[in-house]
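Structural overview for review
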Amino acid sequence: MTDDVDFVRVCRVDELPAVGAAAADIFGHVVAIVRTREGDLYAVDDTCSHANVSLSEGELEGTTLECWLHGSRFDVRTGEPSGPPATAPIDVYPVKVEDGDVYVGTTPLNA
Ligand code: FES
């Protein structure tokens, strides 16, 4: 986590699904905030790199988020696709929690 990244407050931790993803609009860019079964939080582009589909409406398995339309799978830690048809990665954003509030960095980690 770098100190020179701007963070925006998104929501309370307890507003997120216990396990899964929720979409959040950050300065006009929609990201999927993901909480794993282990309680780890990640933020990735909400839009599948294959077509204009919301990834937060897909299934989370471990740290893999699956697009519901054609089944592309993305590692939420790296943004890399691990299953076709998507071949391009999605952006991954830094996440931090302070006093129960979730903050997402506005600069992708893997840009
Ligand atoms: S739109 Fe996501 S895999 Fe096709």
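The structure contained in this document is the topic of the report that follows. As the structure is a computational prediction, the values presented were derived from the model and not from experiment. (Residues numbered from 1 in each chain as written. Predicted model: local features only at pLDDT ≥ 70, side-chain atom pairs only at ≥ 80, totals over all residues. Heavy atoms only, no water.)

What follows concerns the nonpolar core. One finds V34, V44, C48, L55, L65, F74 and V76 to be the most contacted residues of the largest nonpolar core, which totals 16 residues. If you look at the next biggest cluster of nonpolar residues, it comprises 13 residues, including I26, A43, V95 and V104. (Core = buried A, V, L, I, M, F, W, Y, C linked by side-chain atoms within 4.5 Å. Buried < 20%, exposed > 50% of the residue type's maximum accessible area, 1.4 Å probe, protein only.)

Taken together, four strands build an open sheet; the order of strands is β2-β3-β4-β9 and the sheet is antiparallel. Two strands in the sheet have a free side with no partner beyond their single neighbour: β2 (20-26) and β9 (92-93). Where β2 meets strand β3 (residues 29-35), seven bridges bridge the pair, whose relative direction is antiparallel. Residue pairing in the sheet places I26 in a bridge with H29 of β3. (Pairing = 2+ DSSP bridges. Helix = DSSP H or I, 4+ residues; strand = E, 2+ residues; numbered from the N terminus.)

Before going further, it helps to spend a moment on unusual backbone geometry. Of note, the amide linkage connecting P84 to P85 takes the cis form, showing an omega dihedral of 10 degrees. Along the chain, the position of P85 falls in the loop between β8 (81-83) and β9. Even without a glycine there, the phi angle at D99 is positive, about 55 degrees. Counting through the fold element by element, D99 comes out in the loop between β10 (95-98) and β11 (101-105).

Side chains bearing opposite charge may pair, as long as their charged atoms lie close to each other. In this structure the tally under the stated criterion is five salt bridges. Here E98 makes a salt bridge to K96, at a shortest N to O gap of 3.5 Å. In this structure E98 comes out as partly exposed when scored by relative accessible area, which is 38%. (Salt bridge = Lys/Arg side-chain N within 4 Å of Asp/Glu carboxyl O.)

Strands in a sheet are paired, the pairing made by backbone hydrogen bonds, and the direction either parallel or antiparallel. Read across the sheet, three strands follow the order β1-β11-β10 without closing on themselves; strand pairing throughout is antiparallel. Of all strands in the sheet, those with a lone pairing partner are β1 (7-12) and β10, marking the two edges. Here the strands of the sheet are splayed against their neighbours by 30 degrees on average, with no regard to which way each runs. Examined bridge by bridge, β1 and β11 share five bridges and lie antiparallel to one another. (Axes fitted to C-alpha atoms, helices over the stretch in contact; angles between N-to-C directions.)

What follows concerns the packing of aromatic side chains. For the structure on display, the rule yields zero aromatic pairs. Just above the ring of F7 sits the side chain of K96; from NZ or CZ to the centre is 4.3 Å. The side chain of K96 reaches across the aromatic face of Y103, ending 6.0 Å from its centre. (Phe/Tyr/Trp six-rings, centres within 6.5 Å; stacked < 30°, edge-to-face > 60°. Lys NZ or Arg CZ within 6 Å of the ring centre and 35° of its normal.)

To continue, consider the side chain of D101. Tracing the chain through its elements places D101 in strand β11. A residue is classified by how much of its surface remains accessible, and D101, at 13% relative accessible area, is buried.

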